[in-house]
Amino acid sequence: MTITAGHAADASAEPTYPMPRGCPFDPPAELAQLRAEKPISRVRIWDGSSPWLVTRYEDVRSLLADRRISSDAYRPGYPAQSPGILARRRNSTSFITMDDPEHARYRKMVISDFTVRRTESLRPLITKIVDDLLDEMERGPRPTDLVEAFALPLPSMVICQMLGVPYKDHDFFQMHSRALLDITMDPAETVRASDELRDYLTGLMAAKEAEPTDDILGRLAQRYVLTGELSRDDAVSMALLLLVAGHETTANMIGFGTLTLLQNPEQAAEVRDGDPAVVNRAVEELLRLLTVVHTGRRRVALEDIEIGGVTIRAGEGIIAATESANRDAAAFPAPDELDIHREPNHHLAFGFGVHQCLGQPLARLELQIAYPALLRRFPELRVAVPVDDIRYRDKMVVYGVQALPVSW
């Protein structure tokens, strides 16, 4: 039977989304129940609206590739993650919330910096950063917070090098990045953080207008100085997106992924041994299992779409729950278990379709270097507090651990 918007269940019966987690490692149990019983269903979000929540792998993959849905956060019906994120997007735009051809035009300006070949050329730099951070960690106190000592600095240093942002300013941009991703943040505070980060990046851009540099910010500056292909505001928006996304997601994958490996010591030992094929598969499996972007991929229908026996009407919001899709037993046998030898593993941790994460080659390389290097340097690495005492980023768009005290 086709379910239409006019026949949606009474609002009081609709579950809320995001849903509270039980086990910190797993998506909420309600998602598994919906996936089994009502895989495309209405949910209630913060503003009282009821977008469609899509939970099965095949449906999520199909919708994310469908040109009949829009990523445009300005369209009526688009289900924003929080009041603060809605206010920020109204205050400044980004190409990840645009549709083609505008999205493709902006993305093309930076895609060459994130190709597999270009990313692979960064291997010596990333390896040195990893080794230096581990040297410093080894000399430091025990226990130490792995997030502060290793997981957060590594991708921050790499993206700063690529963008041309001084790493000495990391406290500033990391603090503001967290504010932008906090779904509980007051909208005025979110906009303030966005404005301050934009002002900072605008100052860096201005310096690069007069003295061009061989980095992403320098090349973006020349695009509006020499060719007029984009405005300074557009360039700053692109830089802001790359800076925030370029360190937040990978940092959380390093911390949360290490915790997951330490809970599975036999598989951690295989990663530590460093066979490239095993490490690569382990990275893909951790990306699938953890899916740190855990508030779904947000879209709005441009026209009526029939999927899974449900009609999603034009103008209705859609949340494609990749964190649920990546735990779908129809796509991944024993989906709640870590299996670093899982093949195939066509997970959706980076999304799917035209908006698939452009930085995924960089994230993969950083993880492929970080996990085995950390486990080799500290073969007796262990969590230094009871697991129940670990605090999680459950109020953030990007999930992970707030801190991970470790010793060896």
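Residues numbered from 1 in each chain as written. Predicted model: local features only at pLDDT ≥ 70, side-chain atom pairs only at ≥ 80, totals over all residues. Heavy atoms only, no water.

Engineer: How should I be thinking about the overall build of the chain in this particular structure?
Structural biologist: Per the secondary structure count, the chain includes 16 helices and ten strands. What you see for the chain is a C-alpha radius of gyration of 21 Å, in line with the 22 Å of a compact globule of 408 residues. On the principal axes, the C-alpha backbone points of the chain span a range of 65 × 55 × 35 Å. In the chain, buried positions account for 56% of the 408 residues. Residue pairs in contact within the chain that sit at least 24 positions apart in sequence constitute 73% of those at least 6 positions apart. When the accessible surface of the chain is totalled, it reaches about 17,300 Å², and 51% of it is carbon and sulfur. When the 46 positive and 59 negative side-chain charges of the chain are each reduced to one mean point, those points stand 2 Å apart. (Helix = DSSP H or I, 4+ residues; strand = E, 2+ residues; numbered from the N terminus. Rg over C-alpha atoms; globule rule 2.2 N^0.38 Å. Buried < 20%, exposed > 50% of the residue type's maximum accessible area, 1.4 Å probe, protein only. Contact = heavy atoms within 4.5 Å. Areas by Shrake-Rupley, 256 points an atom, 1.4 Å probe, with all protein chains shown as cover. Lys, Arg positive; Asp, Glu negative; His and termini not counted. Charge placed at Lys NZ, Arg CZ, Asp CG, Glu CD.)

Engineer: Explanation requested: the pairing of strand 8 (residues 317-320) in the structure shown.
Structural biologist: Every regular strand shows the same layout, with side chains that alternate between the two sheet faces. Of the two faces of strand 8, the one carrying Gly 317 and Ile 319 and the one carrying Ile 318 and Ala 320 are both buried. By the bridge criterion, three bridges tie strand 2 (residues 52-54) to strand 8 in an arrangement that is parallel. What sits directly across from Trp 52, in strand 8, is Ile 318. Two strands pair when backbone bridges link them, and strand 5 (residues 297-301) and strand 8 are joined in this way by four bridges, in the antiparallel orientation. Bridged to Arg 298 within strand 8 is Ile 319. (Pairing = 2+ DSSP bridges.)

Engineer: Honestly, the confidence of the model for the chain in this entry has me stumped. Any pointers?
Structural biologist: One rule of thumb: low pLDDT means the predicted coordinates there are not for detailed reading. Averaged over all residues, the pLDDT of the chain is 94; the fraction at 70 or higher stands at 97%. Across residues 1-11, where pLDDT falls below 50, the model places 19 contacts with residues more than four positions away in sequence or in other chains. (pLDDT = per-residue confidence, 0-100.)

Engineer: Even after reading the chapter, I still don't get the environment of Met 137, so can you show me in this structure?
Structural biologist: Relative to the helices and strands, Met 137 resides in helix 6 (residues 123-139). Once the C-alpha coordinates of Met 137 and Ala 330 are considered, the two residues, 193 residues apart in sequence, prove to be 42 Å apart. Setting aside residues up to four positions removed in sequence, Met 137 forms contacts with Thr 144, Leu 146, Ala 149, Phe 150, Leu 374, Phe 378, Leu 381, Val 406 and Trp 408.

Engineer: How should helix 11 (residues 216-227) be read in this particular structure?
Structural biologist: Along an α-helix, a turn takes 3.6 residues, which lines up residues three or four apart on a common side. The end-to-end C-alpha distance of helix 11 is 16 Å, a good match for the 16 Å that twelve residues give at a rise of 1.5 Å each. For helix 11, the set of buried residues is Ile 216, Leu 217, Gly 218, Leu 220, Ala 221, Gln 222 and Tyr 224. Looking at the buried residues of helix 11, the elements they touch are helix 4 (102-110), helix 8 (153-163), helix 10 (187-210) and helix 12 (232-262). Gly 228, located one to two residues past helix 11, shows a positive phi value of around 70 degrees. (Expected span 1.5 Å × (residues − 1).)

Engineer: How should the sheet that holds strand 3 (residues 69-70) be read in this particular structure?
Structural biologist: Neighbouring strands of a sheet are bound in pairs by backbone hydrogen bonds; such pairs are parallel or else antiparallel. A sheet is described by the order of its strands in space; here five strands give the open sequence 1-2-8-5-3, paired in mixed fashion. The sheet terminates laterally at strand 1 (40-42) and strand 3, the two strands that pair on one side only.

Engineer: Hey, could you run me through helix 4 in this one?
Structural biologist: Along helix 4, the residues classified as buried are His 103, Tyr 106, Arg 107, Met 109 and Val 110. Taken around the axis of helix 4, the buried residues stretch over an arc of 150 degrees, which confines them to a single face. Where helix 4 is buried, its residues contact helix 11 and helix 12. (Arc of directions from axis to C-beta.)

Engineer: What am I meant to see in the packing of aromatic side chains here?
Structural biologist: What characterises a pair of aromatic rings is the spacing of the ring centres plus the angle enclosed by the ring planes. Inspection of the entire model under this criterion finds seven aromatic pairs. Both rings, one in Tyr 392 and one in Tyr 399, keep their centres 6.0 Å apart while their planes meet at 10 degrees; by these two values the pair is stacked. Judged by its relative accessible area of 12%, Tyr 392 is buried. Here a set of aromatic residues connected by ring pairs shows up, and it is made of Phe 25, Phe 256, Tyr 392 and Tyr 399. Positioned above the aromatic ring of Phe 332 is the side chain of Arg 288, whose terminal nitrogen or guanidinium carbon lies 5.3 Å from the ring centre. (Phe/Tyr/Trp six-rings, centres within 6.5 Å; stacked < 30°, edge-to-face > 60°. Lys NZ or Arg CZ within 6 Å of the ring centre and 35° of its normal.)

Engineer: Looking at this model, I keep getting lost on the sheet that holds strand 4 (residues 144-145). Mind explaining?
Structural biologist: Ordered by their spatial adjacency, three strands build an open sheet running 4-10-9, and the pairing between neighbours is antiparallel. A single partner strand is all that each edge strand has here, and the edge strands are strand 4 and strand 9 (382-383). As defined by bridge partners, strand 4 adjoins strand 10 (residues 405-407) across two bridges and the pair is classed as antiparallel. For Asp 145, the partnering residue across the bridge sits in strand 10 and is Pro 405.

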